[in-house]
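Listed below are the residues making up each chain.
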Amino acid sequence: FSSALHTDVDLGAVSKAGRTFEAEDGSIHITAGGHDIWHYSDYGHYLSEVYSGDVDAKVHVSSFKGVRGNEWGKAGIMLRTDNSDNAANVYQYLSPQHGVYSQKRLSQGRWTEEFARIQQKPMPSAWLRVQKRGDVVETFYSSDGTTWTSMGQ
């Protein structure tokens, strides 16, 4: 899947190349074979779109299937400074076996820090939102895509 606005990106040394495709109903499906989005570097797959200025991005993780052997499988929405595996980023994700989490890497190559979580197990789907205004990035969670709860900055 690639367009003028979107690009498939594998981060780091993945065990299996990721793939993105759009279904007939317009939903986006992403497969990945990475180690983790965590620590000092990230290893996974995502669909990338370039933005500048303020951003208000939302995603509905409506289904999470086929995660084998990793209870920390995750899907979500991320803002990154670039596509390098150790880029600064803010990541809001759903792990069906653990809940919704927010994490950040404040500068390139720095350790990734968790800064918020909603531990509700199991959680098969969730609405996630990352909003950037100026230099401030805030994450949100919703069960219905209408009423949003801030998870912090």
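Read on for an overview of the structure. (Residues numbered from 1 in each chain as written. Predicted model: local features only at pLDDT ≥ 70, side-chain atom pairs only at ≥ 80, totals over all residues. Heavy atoms only, no water.)

What about the overall build of the chain?
Move 1: Within the chain, the secondary structure is distributed over zero helices and 13 strands.
Move 2: Put simply, the chain runs from its N terminus to its C terminus through helices and strands in the order β-β-β-β-β-β-β-β-β-β-β-β-β.
Move 3: In terms of C-alpha radius of gyration, the chain reaches 15 Å, essentially the compact-globule figure of 15 Å for 153 residues.
Move 4: Taken along the three principal axes of its C-alpha coordinates, the chain extends 35 × 35 × 30 Å.
Move 5: The long-range fraction of contacts in the chain, counting pairs at least 24 apart against all pairs at least 6 apart in sequence, stands at 47%.
Move 6: Here the chain has roughly 8900 Å² of accessible surface; of this, 48% comes from carbon and sulfur atoms.
Move 7: Charge centroids of the chain, computed over 15 positive and 18 negative side chains, lie 4 Å from each other. (Helix = DSSP H or I, 4+ residues; strand = E, 2+ residues; numbered from the N terminus. Rg over C-alpha atoms; globule rule 2.2 N^0.38 Å. Contact = heavy atoms within 4.5 Å. Areas by Shrake-Rupley, 256 points an atom, 1.4 Å probe, with all protein chains shown as cover. Lys, Arg positive; Asp, Glu negative; His and termini not counted. Charge placed at Lys NZ, Arg CZ, Asp CG, Glu CD.)

Side note on the environment of tyrosine 91
Move 1: On the secondary structure map, tyrosine 91 appears in strand β8 (residues 89-95).
Move 2: It is 8.4 Å that separates the C-alpha atoms of tyrosine 91 and threonine 139, two residues lying 48 residues apart in sequence.
Move 3: Filtering out sequence-adjacent residues up to four positions away, tyrosine 91 remains in contact with Ile37, Lys74, Ala75, Gly76, Ile77, Met78, Tyr101, Ser102 and Gln103.

Thoughts on unusual backbone geometry
Move 1: A cis geometry characterises the amide bond from lysine 121 onward to proline 122, with omega recorded as -15°.
Move 2: Examined against the element boundaries, proline 122 turns out to sit in the loop between β10 (113-118) and β11 (126-133).
Move 3: In the Ramachandran plot, histidine 39 falls in the positive-phi region, its phi being about 65° despite a non-glycine side chain.
Move 4: Its location among the elements puts histidine 39 in the loop between β4 (36-38) and β5 (41-49).

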